[in-house]
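# Structural description and commentary
So you can see what is in the structure, the chains are spelled out below.
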Amino acid sequence: MPFDLRAKSHTCIHVFQILNGNAPEYLNDMFQFAGYSHYSPGLGKHRSLKQLKTNTELYQACVMYNRCKLWNSLPVTIRGATSKSDLKKSCIYFYFINE
């Protein structure tokens, strides 16, 4: 598997573990699910992460920003995976098809 695809899938797996409480406390506080908005109802139930707006390009290089962006780019069916192994298989398949 090419390095960039492997890095993306590992990042998604790491976010999955954080969101499911399988990471240290300081990482659990790093991400928040997006809440309900009248602009996009039902966003929270699709396991989307709250993405902060950036004012500079420097913030776009931040780990938190990139992980949120990558996680939110996954289809809802993949984000709704119930196990790490299911997520891993789905991510690898998704990135191979779309790259």
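Quick caveat: nothing in here was measured; it's all calculated off a predicted structure.

Turning next to the overall build of the chain. In terms of helices and strands, the chain carries six helices and zero strands. When the helices and strands of the chain are listed from N to C terminus, the series reads α-α-α-α-α-α. Evaluated residue by residue, the chain yields a buried proportion of 27% over its 99 residues. Long-range pairs, those at least 24 residues apart, make up 50% of the contacts in the chain with a sequence separation of at least 6.

Right, let's talk about helix α6 (residues 84-98) for a bit. With 15 residues, α6 extends 21 Å between its outermost C-alpha atoms, agreeing within 8% with the 21 Å of an ideal straight helix rising 1.5 Å per residue. The set of residues buried in α6 consists of Leu87, Cys91 and Tyr95. Down the axis of α6, the sector holding all buried residues measures 55°, keeping them to one side. Looking at α6, the residues exposed on the side facing more than 90 degrees away from the buried face are Lys89, Tyr93 and Ile97. For α6, the secondary structure elements touched by its buried residues are α1 (3-19), α4 (63-73) and α5 (76-79).

For the rest of this paragraph, the subject is the nonpolar core. Counting 16 residues, the largest nonpolar core has Cys12, Leu49, Trp71, Leu74, Leu87, Cys91 and Tyr95 as the members making the most contacts within it. Those elements that provide at least two residues to this core are α1, α4 and α6. The greatest single-element share of this core, amounting to six residues, is contributed by α1. Sequence-distant contacts of Leu87, defined by excluding residues within four places in its chain, comprise Cys12, Ile13, Phe16, Trp71, Ile78 and Ala81.

Moving on, we get to the packing of aromatic side chains. If you walk through the whole model with that rule in mind, you get one aromatic pair. Each ring, one from Phe94 and one from Tyr95, has its centre 5.3 Å from the other, and the planes form 65°; the classification is edge-to-face.

Considering every residue of the chain, the mean pLDDT works out to 77; 71% of them sit at 70 or more. When the elements of the chain are averaged for pLDDT, helix α3 (residues 57-60) gives the smallest value, 60, and α6 the largest, 90.

Attention now moves to the packing of α1 against α4. Remark: α1 packs on α4, axes separated minimally by 10 Å, with the N-to-C direction vectors making an angle of 95°. Overall, the two elements α1 and α4 adopt an arrangement that is roughly perpendicular. When α1 is examined against α4, the residues Lys8, Thr11, Cys12, His14, Val15, Phe16, Ile18 and Leu19 are found in contact with a partner set consisting of Arg67, Leu70 and Trp71. Looking at side-chain class alone, the contact of α1 with α4 contains seven nonpolar, two polar and two charged residues.

A few words on the side chain of Ser9. Counting through the fold element by element, Ser9 comes out in helix α1. Owing to a relative accessible area of 4%, Ser9 belongs among the buried residues under this scheme. Setting aside anything within four residues of it in sequence, one finds Ser9 in contact with Met1, Cys91, Ile92 and Tyr95.

What counts, and where the lines are drawn
- Residues numbered from 1 in each chain as written.
- Predicted model: local features only at pLDDT ≥ 70, side-chain atom pairs only at ≥ 80, totals over all residues.
- Heavy atoms only, no water.
- Helix = DSSP H or I, 4+ residues; strand = E, 2+ residues; numbered from the N terminus.
- Buried < 20%, exposed > 50% of the residue type's maximum accessible area, 1.4 Å probe, protein only.
- Contact = heavy atoms within 4.5 Å.
- Expected span 1.5 Å × (residues − 1).
- Arc of directions from axis to C-beta.
- Core = buried A, V, L, I, M, F, W, Y, C linked by side-chain atoms within 4.5 Å.
- Phe/Tyr/Trp six-rings, centres within 6.5 Å; stacked < 30°, edge-to-face > 60°.
- pLDDT = per-residue confidence, 0-100.
- Axes fitted to C-alpha atoms, helices over the stretch in contact; angles between N-to-C directions.
- Parallel < 35°, antiparallel > 145°, perpendicular 65-115°, else oblique.
- Nonpolar A, V, L, I, M, F, W, Y, C, P; charged D, E, K, R; others polar.

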